[in-house]
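# Notes for the structure review
Residue-level listing of the chains:
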Amino acid sequence: MKITRWMLLATIIFTLFILTAFSKSEKRIETAAPSSNSSFAMAVTNEGKPIDGGVLRVAMVKDEPFQGIFSWELYEDGYDADLMSWASNALFETDENFMITNEGIASLYVDQKNNKVTVTIREGVKWSDGQPLKIEDVILPYHIIGHKDYPGVRYNSEFQNIIGAKEYHEGKAKTISGIRKVDDFTIEISFKQLSPSIFYGGDGLWTYAAPSHQIGNIPVDQLLQSDAVRKNPVTLGAFKVEKIVPGESVQYVKNEHYWKGEPKLDGVLVKVVPSSSVSVAIGTGKYDIIQHFNATKMPEIEGYGNITILGRPELFYSYLGFKVGKYDYQKNTVVTDLDGSKMGDVNLRKAMAYALDIEQVSEVLYNGLRVRANSLIPPVFESFYDKSLKGYVYDPEKAKEILDKAGYKDVDGDGFREDPKGKKLEIKLASMSGDSVQEEITAYYLQNWRDVGLNVTLSTGRLIEFNSFYDMVKADHPEIDVFMGAWGTGTNPSPSGLYGASDQYNFSRYTSDLLEKTIQNIDSPSAFDKYYRANQFKIFQKHIEEVATTVPMQFRYEIYPINKRVKNYSIDYKNPTELHEIELTAKEPFKSKKKKR
């Protein structure tokens, strides 16, 4: 039997009512193949004569306030990154393969033999306040991230590849010895080793500038709460920040000093819009571009005549993370404890992965715009993605078999399995709040686990707001045994920074000699051999699949509803829109006359 969207919704809603009754359903839902989404366009070329100026209206779909950390060195989530992208401080531009070119603010010369790179900035580039970009602005971020008082998460294994970074961080040196100013436009950076990752902004290379004239004298431990970061950031992008309503909106105006030329728009307004009201807002013409539009809402907007829906495979994967250790913030290292942690048994982790019916949730609730993932490397990275991995497809009978053999049995007859020692087993799951469907999906997954005899309950008894969720995960909160997270990989697929032994973002807290060695091999001199590097990526993916400490859940399509007054807008990785060239063909966004039913 193949179920419909409404049948699955009914099943999920019914689950909400039976969660406290501890009953188990024997119904099995068949899996289904994901639909193809190649029909999505990646660009619009709307007709009409452009108006002079105008303000682009952007909706950021979010059910809670944004954090508002306007610093590339300090921000921690994708929402703030999206806000900063309109006024970006990026030094380099990249090509269709995500490799650095020399067409940006800065150029990159790699001396592979001597493990050095030379970064040279263009003359005449200015910050949004009119001050000239200096080479000190390129050097400053390294000394922020490497500082002993740095409050962020980017002092990691990659950053420590810079010669002298570790000594500077430990207070043994006043500067980072591997960074040398050559002249007013050039620096030379020395690394312990170089790999192909350097061409993607990896190996410890930092790809953003910071305005030393504005923040250079602010103590590092005070930067996070400073006005320069929270209220009036100075930037290099096409637009500059005019007004911030904390957590709610950002008003940008065009940056008359933008190095590529004066933007054609007068400005951009980005506002947070709740998922519950975004579909109506699209139809009534309140916004031009929608960011973070959830695929569960697709049926609500497909009939609108005032928009074009763009889509592309996203540099993203969601995952199920099992806490198998802690992070030692004093020693900056992951401490894995497979024997002492509740989720330390690989059999329990694998069984929980097989028990999840992600396939049906992806097809029915996400309208085929998500598919079950088999790897921690998205398929977009064709050279490194291992399509041969089977992943943990939905198989509740296999989950039960694994649990039985591992000694997880229902000893007292209450419907839930005890651990192999006969002790009660309650597993705490942390899941983020989101749109209305997110609660239903989480409830469905909880029932999936109940169907195989596992008592999985929500951490704190409810879904957790986005910002609090990652604060708790990062702090290894005792209420979290398992969590559902997601990563936007960026253009560099290397697992360094996310799964290394010194990486704070290694939220599962798993490390091993093989994992650490493989991560190092991926970003090693030997990896200049593309076949060697591809093989090391496969070893990484296979190892994570075998230990199942981080289980991939979904890959997804990224959806952008675009109002038809927006002229020439592209999300194509090969030919993205230049922000200063965006134009509008009407004073207000178009409204939809009617919606098909």
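Summarised in this report is the structure supplied together with it.

About the criteria used
- Residues numbered from 1 in each chain as written.
- Predicted model: local features only at pLDDT ≥ 70, side-chain atom pairs only at ≥ 80, totals over all residues.
- Heavy atoms only, no water.
- Helix = DSSP H or I, 4+ residues; strand = E, 2+ residues; numbered from the N terminus.
- Rg over C-alpha atoms; globule rule 2.2 N^0.38 Å.
- Buried < 20%, exposed > 50% of the residue type's maximum accessible area, 1.4 Å probe, protein only.
- Contact = heavy atoms within 4.5 Å.
- Areas by Shrake-Rupley, 256 points an atom, 1.4 Å probe, with all protein chains shown as cover.
- Lys, Arg positive; Asp, Glu negative; His and termini not counted.
- Charge placed at Lys NZ, Arg CZ, Asp CG, Glu CD.
- Polar contact = N/O pair within 3.5 Å; in protein donor to acceptor, adjacent residues only side chain to side chain.
- Phe/Tyr/Trp six-rings, centres within 6.5 Å; stacked < 30°, edge-to-face > 60°.
- Lys NZ or Arg CZ within 6 Å of the ring centre and 35° of its normal.
- Pairing = 2+ DSSP bridges.
- Axes fitted to C-alpha atoms, helices over the stretch in contact; angles between N-to-C directions.
- Parallel < 35°, antiparallel > 145°, perpendicular 65-115°, else oblique.
- Left-handed = near helix turned anticlockwise from the far one by under 90°.
- Nonpolar A, V, L, I, M, F, W, Y, C, P; charged D, E, K, R; others polar.
- Salt bridge = Lys/Arg side-chain N within 4 Å of Asp/Glu carboxyl O.

### So, the overall build of the protein chain
For the protein chain, the helix and strand inventory stands at 15 helices and 22 strands. Relative to a compact globule of 597 residues, whose C-alpha radius of gyration would be 25 Å, the protein chain shows 25 Å and is just as compact. Oriented by its inertia axes, the alpha-carbon framework of the protein chain measures out at about 75 × 65 × 45 Å. In the protein chain, buried positions account for 58% of the 597 residues. In the protein chain, the proportion of contacts linking residues at least 24 apart, taken out of those at least 6 apart, comes to 72%. For the protein chain, the exposed area adds up to about 25,600 Å²; of that, 50% sits on carbon and sulfur atoms. Here the protein chain contributes 72 positive and 80 negative side-chain charges, whose respective centroids are spaced 3 Å apart.

### With respect to the environment of Ile163
Among the structural elements, Ile163 can be located in the loop between helix H3 (135–145) and helix H4 (165–169). Separated by 117 residues in the primary sequence, Ile163 and Asn46 place their C-alpha atoms 51 Å from one another.

### Quick look at the side chain of Asn46
Residue placement: Asn46 occurs in the loop between strand E1 (43–44) and strand E2 (55–61). Within the structure, Asn46 has its side chain in polar contact with the backbone oxygen of Lys564 (distance 3.4 Å). Excluding anything up to four places from it in sequence, Asn46 contacts Asn563, Lys564, Val566, Lys567 and Asn568.

### Some points on helix H2 (residues 78–85)
When we look at burial in H2, the residues that qualify are Tyr79, Asp80, Ala81, Leu83 and Met84. For H2, the secondary structure elements touched by its buried residues are E2, strand E8 (249–254), strand E9 (267–273) and helix H13 (466–474). Between a side-chain oxygen at the N-terminus of H2 and the backbone nitrogen of Tyr79 the separation is 2.9 Å; the capping residue is Asp77.

### Regarding the packing of aromatic side chains
One pass over the full model with this rule turns up 25 aromatic pairs. Measuring from ring centre to ring centre gives 6.2 Å for Tyr317 and Tyr319, while their planes differ by 55°; the resulting arrangement is tilted. Using a relative accessible area of 1% as the deciding quantity, one classes Tyr317 as buried. Among the aromatic residues, those joined into a ring-pair cluster are Tyr79, Tyr317, Tyr319, Phe466, Phe469, Tyr470, Phe483, Trp487, Tyr505 and Phe507. One Lys or Arg, Arg154, reaches over the ring of Tyr75 and ends 4.3 Å from the middle of that ring.

### A closer look at the pairing of E8
Pairing between strand E7 (residues 239–245) and E8: 6 bridges, direction antiparallel. Bridge pairing in E8 places Ile244 opposite Val250. Connecting E7 to the next strand, E8, in antiparallel fashion are 3 residues, including Gly247 with a positive phi near 80°. Examined bridge by bridge, E8 and E9 share 5 bridges and lie antiparallel to one another. Directly across from Val250, in E9, lies its bridge partner Val270.

### A short note on the packing of helix H14 (residues 513–522) against helix H15 (residues 530–547)
When two helices pack together, their arrangement is given by the angle between their axes and by how far apart the axes lie. Between H14 and H15, the least distance of the axes is 9 Å, while the angle of their chain directions is 155°. Relative to H15, the element H14 lies roughly antiparallel. Considering the relative orientation of H14 and H15, their crossing is left-handed. The residues of H15 that touch H14, namely those facing Leu514, Leu515, Thr518, Asn521 and Ile522, are Tyr532, Arg533, Gln536, Phe537, Ile539, Phe540, His543 and Ile544. Here the contact of H14 with H15 is composed, by residue class, of 8 nonpolar, 4 polar and 1 charged.

### Focus on the pattern of salt bridges
Scanning the entire structure with this criterion turns up 34 salt bridges. For Lys260, the salt bridge is made with Glu93, and the minimal N-O distance between the two is 2.4 Å. In this pair, Lys260 sits in the loop between E8 and E9 while Glu93 sits in the loop between H2 and strand E3 (106–111), placing the two residues 167 residues apart along the sequence. For Glu93, a relative accessible area of 23% translates into the label partly exposed. Its salt-bridge partner being Lys231, residue Asp227 comes within 3.8 Å of it at the nearest N-O pair. Note on Asp227: relative accessible area 43%, which makes it partly exposed. Three or more residues are tied together by salt bridges with common partners; here these are Asp412, Asp414, Glu418 and Lys424.

### Points about the packing of helix H9 (residues 346–354) against helix H11 (residues 396–406)
Between H9 and H11, the least distance of the axes is 8 Å, while the angle of their chain directions is 165°. Overall, the two elements H9 and H11 adopt an arrangement that is roughly antiparallel. Read as a crossing pair, H9 and H11 show a hand that is left-handed. Contacts from Asn347, Leu348, Lys350, Ala351 and Tyr354 of H9 reach H11 at Pro396, Lys398, Ala399, Ile402, Leu403 and Ala406. Of the residues belonging to the contact of H9 with H11, the class tally is 8 nonpolar, 1 polar and 2 charged.

### Some thoughts on the sheet that holds E3
The sheet built from 4 strands is open, its strands ordered E3-E4-E6-E5 with antiparallel pairing. Unpaired on one side and paired on the other, E3 and strand E5 (179–183) mark the two borders of the sheet. Neighbour to neighbour, the strand axes of the sheet diverge by 20° on average, direction disregarded. Where strand E4 (residues 116–121) and strand E6 (residues 186–190) come together, 5 bridges link them in antiparallel fashion. Within E6, the position partnered with Val119 by the bridge is Ile187. On top of the sheet, H3 reaches E4, E5 and E6; it is set at about 180° to E5, its chief contact.

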